[in-house]
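# Structure assessment
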Amino acid sequence: QVQLVESGGGLVQAGGSLRLSCAASGNTFSNYAMGWFRQAPGKEREFVAGIGGYTAYADSLKGRFTISRDNAKNTVYLQMNSLKPEDTALYYCAARPSLVVVRSSSQYRNWGQGTRVTVSS
């Protein structure tokens, strides 16, 4: 079982940057695909980015967000640049026991509690 803890959220002005981190427990982290999802108030949870054997991004975020991982630290990161007010959301980290990256939240077994990102205009 993998436990996930996100950090790095906060309040930032439009155009700014944030880097989210997700620390995972367990010694099989390298065997998991990791995903970042977000949920804005009143909206459904949506895929942001994933990393496993390859990386994948939501089309609308490609070029502004970058996902990476450090298997030695059991940590996955989400670098977010040129932030916009519409990026305001609760950001979740998720894991699935496969290196295949998928965009469906139902395919991820483990979830963190989320870290809040607020982008002011």
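The structure we're discussing is the one just above.
This is a predicted model, so every value here is computed, not measured.

With that out of the way, let us pick up the sheet that holds strand β1 (residues 4-7). With respect to topology, 4 strands assemble into an open sheet ordered β1-β3-β8-β7, the strand pairing being antiparallel. The sheet is open, and its two edges are formed by β1 and β7 (65-70), each paired on a single side. Here the average twist between neighbouring strands, direction ignored, is 15 degrees. Judged from the 6 bridges that link them, strand β3 (residues 18-24) and strand β8 (residues 75-80) form a sheet pairing that is antiparallel. In the sheet register, Arg19 faces β8, and the bridge partner there is Gln79.

Throughout the structure, instances matching the rule amount to 1 disulfide. Here Cys22 is linked by a disulfide to Cys93, with a sulfur-sulfur distance of 2.1 Å. Torsion about the S-S bond of the Cys22 and Cys93 cystine: about -80 degrees, corresponding to left-handed handedness. In this pair, Cys22 sits in strand β3 while Cys93 sits in strand β9 (residues 89-96), placing the two residues 71 residues apart along the sequence.

Cut-offs applied
- Residues numbered from 1 in each chain as written.
- Predicted model: local features only at pLDDT ≥ 70, side-chain atom pairs only at ≥ 80, totals over all residues.
- Heavy atoms only, no water.
- Pairing = 2+ DSSP bridges.
- Helix = DSSP H or I, 4+ residues; strand = E, 2+ residues; numbered from the N terminus.
- Axes fitted to C-alpha atoms, helices over the stretch in contact; angles between N-to-C directions.
- Disulfide = S-S within 2.5 Å.

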